[in-house]
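Results of the structural survey
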Amino acid sequence: MKTLLLIGAMLCALVTFGRDSRSVSGVVSDEKGESLFANVFLYRSADSTLYKAVATNGEGKFDIEDVEDNAYYLKVSAVGYGDFLTPGFVINPQNMTVAFPGIVLKESVQALAAVQVTAKKPFIEQQIDKMVVNVENSISGSGNTALEVLEKVPGVIVDRQNDQIRIRNKSGVVVMIDGKINYMSSEALSQYLNNMPSDQIQSIEVITNPSSKYDAAGNSGIINIRLKKNKAYGTNGTLSLSGGTGLLPHSSSDLYRGSGNLSLNHRSKKWNLFGNGNVGRNRFYNDNSIVRVSSYENRVSQFDQYSQRIGGGMFYSARAGADYFLNEKTTLGVQGDYNLWKGSMKGDGRTNIRETTAGEAIESYLLPVSDRVMDNQNFSANLNLRHKYNNEGKELSFDADYSGFRSGADQHFLNAYYSRLNTPDSTTRQRMNQPTDIDIYSAKLDFVIPARNKMKYEFGAKSSYVTTDNDFTFENFEGGLWVNDIRKTNHFKYTEMVNALYINSGYQWKKWAVQGGLRLEHTFSDGHSLTSEQRNRRNYLNLFPTLFVNQTINENNGIRYSYSKRIDRPNYEQLNPFLFFLDPYTYEIGNPFLQPQFTDSYEVTYTLKNTYSLSLAYADTRDMIFQVLEQDDATRSTFQTNENLRGMRNYSINLSVPFNPVKWWSMQNNFSVYYNHFKDSNVSGARLNAGKVAYNFYSGNTFTLKQNWSGELSVWYNSPGIYGIIEMTRPQYAVNAGIQKAFLDKKARLKLSVSDIFLTSFFAAKIDYSNMNLTLDNRWNARRVALTFTYNFGNQNVKSQRRNSANDDLKRRAGGNEG
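Treat the numbers as computed from the prediction; the structure is a model and nothing was measured. (Residues numbered from 1 in each chain as written. Predicted model: local features only at pLDDT ≥ 70, side-chain atom pairs only at ≥ 80, totals over all residues. Heavy atoms only, no water.)

Topic: the overall build of the protein chain
Convention followed: By the criteria applied, helices consist of DSSP H or I runs no shorter than four residues and strands consist of E runs no shorter than two, each listed in order from the N terminus. Exposure is judged per residue with a 1.4 Å probe applied to protein chains only, and the accessible area is read against the type maximum: over 50% gives exposed, under 20% gives buried, and values in between give partly exposed. Here, residues are in contact when the closest pair of their heavy atoms is within 4.5 Å. Only the protein chains shown count as covering a residue, and every accessible area follows the Shrake-Rupley method with a 1.4 Å probe.
Along the backbone of the protein chain there are 5 helices and 46 strands. Scored against the burial criterion, the 819 residues of the protein chain give a buried share of 54%. Within the protein chain, residue pairs in contact and separated by at least 24 positions form 68% of the contacts whose partners lie at least 6 positions apart. Put simply, the protein chain shows about 35,300 Å² of open surface, and 56% of that area lies on carbon and sulfur atoms.

Below is the structure:
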């Protein structure tokens, strides 16, 4: 019923109101006739006050719509060119449209130099429909990895303990690379982002309420990581070299990392060729301290566990592509990517065990040692066609994609059990092999059709097909031979097909803009354990409406209202019913009966002067896919699995306040307060009804100093919160700093950055629920020092040309970021 009401409201809102439109249009080019990316300002002639401003598109065209009757003139400016002023003109009922088809800008060295000083984007931009983190040229972001940069993004929480990324403390985040969802396991995705140098990243977009054009997956929103791609004419490129180390007491002496990155681009009138190569070394350290107490019948068992993992490896990546401009309206593009990470990890620790029965205590301990060799490969190919029918915005785009993921992990375990003597009472050896193959095929077709009276229609179709193959082998060393353990060995295959249709329709008039959409998705999935002959097929059809309303109160005030319905489907890792052992007393188990979760999200955002914003958000999630810990009292083991929670509600308030105390000092401040409430009649054998208010804030400061020096200082803070049965026991926060020197006419930059200066971002939590009593502390190499050198060569004048990828919304759920 709620869905039908929303669809009805959407259709009513899209009724046209029949008003004749006044507009000013034109085309901007340079002296060679090449189209330019330029800013176009419309001024009133009477008092020279700014009325409206727009930017040209990739073909140098602009269109200023809904212009009131008055006398005007245009000012056109672009990076590296002198300003252009048009003669005055009048808009009235007899002259409703004015066109300037031949605006030519002349190059200006002085103008280019002036713009280079002031054109740097802020690290955080709060736009009306998303938040953009401009990683490119950031000082404190250089020398880091993509995962480490995400830790600095306001409202984003990186849970290294469980390999999760959350927005406003909500799980189910869709992580995209250049518009492509990464269909990797949560562990593989975390490893991938932790090996991606931040010097490859242009920006990170955080979209909390996507439109119907996006896939419906992801209940808390989308994080889109856009990689650098030079857009200038001629031949140009960027060389980046980075080196650094982690600084963590009582850890490993080898936490050194380094990377080298080369990007090349050549653009002519007909071709845009681009490529990128990267090689690097990464090291990591992580330790856990866990104390848990269990009671069963007359026995009380206490486990005091300490474990550490040290590892690293080499990573390699290559990306190449081409755009061919068939004519001024049609572009054909291809792109290929390849990523490889080869590494290893060693783990050891100690578990002290104390068992008390009838007042008598027996003590023992376990010394586990593990070695793991890992190999992850990702590759993808994209074909794209884009055709513009006219200058009014009518266009067609087609995308076809293939993506493949190959990962392998060979791990050996040695467990020695001791009483209070110095020699082990018993020793066990195990090994496991876990190869995973994932193949993804997708194709989509999109249309954009503008109509009269400010109407615009978008519609399209998408089909995706995913196969995964996980052949897990577990063996015990017995009698001098490796023997297969049939209770733990499992071969699991998962197939999924999603077919979708969508339509968006928008209307804009003087003070209001409305966009409504509806997406239809049909899902077929088949999870099959070949080992146990257990099979689970699903076939379901769902509707996902969206509605966005922008209200312009006056020149300085505006309000945006939004609603969307979204889905999160369980991934193959969560559905696999077999055991995955971490140590003899800790393991994971899949749940083949998991159902998809659905979320209704509402948000209202107020903006002041297009700069400051305040938003109120509410999300209601049903059948939430929820990570739980349970205890097997008989075996004294703790295991992790996933269940469907009856519901979770999230309330949040988000404030964005940029501020410039003085001309050379700019600040970006973001503050969020949220409340999560979890409810279910039976979770781990008890009733769950828990919630807590928590908050986080981010403050970033940029300092523009003399003689081409600049600096950055930022701090982020997350207060203790609650996530189901897990309650954080101390805040997480970090102070980051950096300094930069530009030289060689600003073509070269040297950056020094330090992350988490005071080592305050570590995780601590507890569980005191049902028959579980557990405390947890987690540390990693959070404090990092990095020195980065960047050199830009060739023509660096900006020329926009963006080509969207085909897998706009797919490759995620082989385990990625589900709650």
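Having seen the structure, we can now continue with the description.
Focus on the environment of Asn433
With respect to the element layout, Asn433 can be found in strand β24 (residues 426-433). Apart from the residues within four sequence positions on either side, Asn433 is in contact with Ala409, Asp410, Asp471, Phe472 and Thr473.

Brief notes about unusual backbone geometry
A positive phi angle is found at Leu744, which is not glycine, with a value near 55 degrees. As for its position among the elements, Leu744 is in the loop between β42 (732-743) and β43 (748-755). Residues other than glycine seldom take positive phi values, yet Asp745 does so here, at roughly 55 degrees. With respect to the secondary-structure elements, Asp745 resides in the loop between β42 and β43.

Re the pattern of salt bridges
For the record, the criterion: What counts as a salt bridge is simple: a side-chain nitrogen of Lys or Arg found within 4 Å of a carboxyl oxygen of Asp or Glu.
A complete count under the given rule lists 26 salt bridges for this structure. In this structure, Asp485 engages Lys488 in a salt bridge whose closest nitrogen and oxygen atoms are separated by 3.8 Å. A relative accessible area of 14% places Lys488 in the buried class. Salt-bridge contacts for Arg649 lead to Asp620; the nearest nitrogen and oxygen are separated by 4.0 Å.

Comments concerning the pairing of strand β13 (residues 173-177)
Rules: A pair of strands is labelled paired if DSSP reports no fewer than 2 bridges between them.
For β13, the tally of buried residues reaches 5 of 5 residues, placing the bulk of the element in the interior. What you see with β13 is no split at all: Val173, Val175 and Ile177 on one side and Val174 and Met176 on the other are buried throughout. Bridge count for β13 against strand β16 (residues 221-227) is 5 bridges, and the pairing is parallel. In the sheet register, Val175 faces β16, and the bridge partner there is Ile223.

A word on the packing of aromatic side chains
Two numbers describe a pair of aromatic rings. These are the distance of the centres and the angle of the planes. Rules: Aromatic pairs are defined between Phe, Tyr and Trp rings, using the six-membered ring for Trp, whenever the two ring centres lie within 6.5 Å; interplanar angles under 30 degrees are classed as stacked, those over 60 as edge-to-face, and all others as tilted.
Here the structure, examined in full by the defined rule, presents 29 aromatic pairs. Plain terms: the ring middles of Phe626 and Phe678 are 6.0 Å apart, the flat faces sit at 45 degrees to each other, and that makes the pair tilted. A residue pair is termed long-range when its members are at least 10 positions apart, and Phe626 in strand β35 (residues 612-632) and Phe678 in strand β37 (residues 665-683) qualify at 52 residues. By relative accessible area, Phe678 is classed as buried at 0%.

Regarding the side chain of Glu395
Our working definition: Any pair of N or O atoms that falls within 3.5 Å is considered a polar contact. Within protein, one atom must be able to donate a hydrogen and the other to accept it, and sequence-neighbouring residues count only if both atoms are side-chain atoms.
Relative to the helices and strands, Glu395 is located in strand β23 (residues 395-418). Within the structure, the side chain of Glu395 is placed 3.3 Å from the side chain of Arg386, a separation counted as a polar contact. Ignoring anything within four residues of it in the chain, the contact list for Glu395 reads Arg386, His387, Lys388, Tyr389, Asp446, Phe447 and Val448.

Thoughts on the side chain of Asn781
Note on placement: Asn781 falls in the loop between β45 (772-780) and β46 (784-794). A distance of 3.2 Å separates a polar atom in the side chain of Asn781 from the backbone nitrogen of Tyr285. In this structure, Asn781 is in contact with Leu248, Leu255, Arg257, Arg283, Phe284 and Tyr285, ignoring residues within four places of it in sequence.

Section: the nonpolar core
Where a protein is soluble and globular, its nonpolar side chains tend to be buried together. The following threshold applies: We call a set of buried residues a nonpolar core when its members are Ala, Val, Leu, Ile, Met, Phe, Trp, Tyr or Cys and they connect through side-chain atoms within 4.5 Å of each other.
Membership of the largest hydrophobic core comes to 30 residues, with the highest contact counts inside it found for Phe678, Val683, Leu688, Ile725, Ile767 and Tyr769. Counting only elements with at least two residues in this core, the list comes to β35, β36 (637-662), β37, β38 (686-704), β40 (722-723), β41 (726-728), β44 (763-769) and β45. If we ignore the near neighbours within four places in the chain, the residues touching Val683 are Phe626, Val628, Glu643, Leu645, Leu688, Ile725 and Tyr769.

Concerning the environment of Arg783
Residue placement: Arg783 occurs in the loop between β45 and β46. Its relative accessible area of 22% is what places Arg783 among the partly exposed residues. Taking the C-alpha atoms as reference points, Arg783 and Gly246, separated by 537 residues in sequence, lie 5.7 Å from one another. Ignoring anything within four residues of it in the chain, the contact list for Arg783 reads Thr245, Gly246, Leu247, Pro249, Ser755, Asp756, Ile757 and Leu759. Of note is the side chain of Arg783, whose polar atom sits 2.9 Å from the backbone oxygen of Ile757.

What about the environment of Leu547?
By the secondary structure assignment, Leu547 is in strand β30 (residues 534-552). Leu547 sits in the buried class, given a relative accessible area of 18%. Taking the C-alpha atoms as reference, Leu547 lies 9.8 Å from Ser505; in sequence the two are 42 residues apart.

Some points on a nonpolar patch on the surface
Stated precisely, the cut-off is as follows: Any residue with relative accessible area above 30% and no salt bridge may belong to a patch, with like charges joined within 9 Å and the nonpolar Val, Leu, Ile, Met, Phe, Trp and Tyr side chains within 5 Å.
On the surface, Ile553, Val604, Tyr606, Leu614, Leu616, Ile653, Leu655, Phe671, Tyr695 and Phe697 cluster together into a nonpolar patch covering about 790 Å² of accessible area. Of all the secondary structure elements, the ones that give two or more residues to the nonpolar patch are β34 (597-608), β35, β36 and β38. Examined against the element boundaries, Tyr606 turns out to sit in strand β34. Overall, the relative accessible area of 30% leaves Tyr606 in the partly exposed class.

Topic: the sheet that holds strand β4 (residues 61-65)
In a beta sheet, neighbouring strands pair by backbone hydrogen bonds and run either parallel or antiparallel. We apply this condition: Inter-axis angles, ranging from 0 to 180 degrees, are taken between N-to-C directions of lines fitted to C-alpha atoms, where helices are fitted over the stretch in contact.
One open sheet holds the 3 strands; their spatial order is β4-β1-β8, and the pairing between them is mixed. What marks the edges here is a single partner per strand, and that holds for β4 and β8 (97-104). With direction set aside, neighbouring strand axes in the sheet form an average angle of 15 degrees. Summarising the sheet, strand β1 (residues 23-29) and β4 pair through 5 bridges and their orientation is antiparallel. The residue of β4 that forms the bridge with Ser25 is Asp63.

What about the confidence of the model for the protein chain?
Applicable threshold: pLDDT runs from 0 to 100 and stands for how confident the predictor is about each residue.
Confidence in the prediction of the protein chain, expressed as mean pLDDT, is 83, and 86% of residues score 70 or more. Confidence scores differ between elements of the protein chain, with helix α2 (residues 109-118) showing the lowest mean pLDDT of 39 and strand β27 (residues 481-484) the highest of 94. A low-confidence stretch, residues 109-119 stays under pLDDT 50, and its non-local contacts, those more than four residues away or across chains, total 7 contacts. Every residue in residues 797-819 scores below 50 in pLDDT, and together they form 144 contacts with partners more than four places removed in sequence or on other chains.

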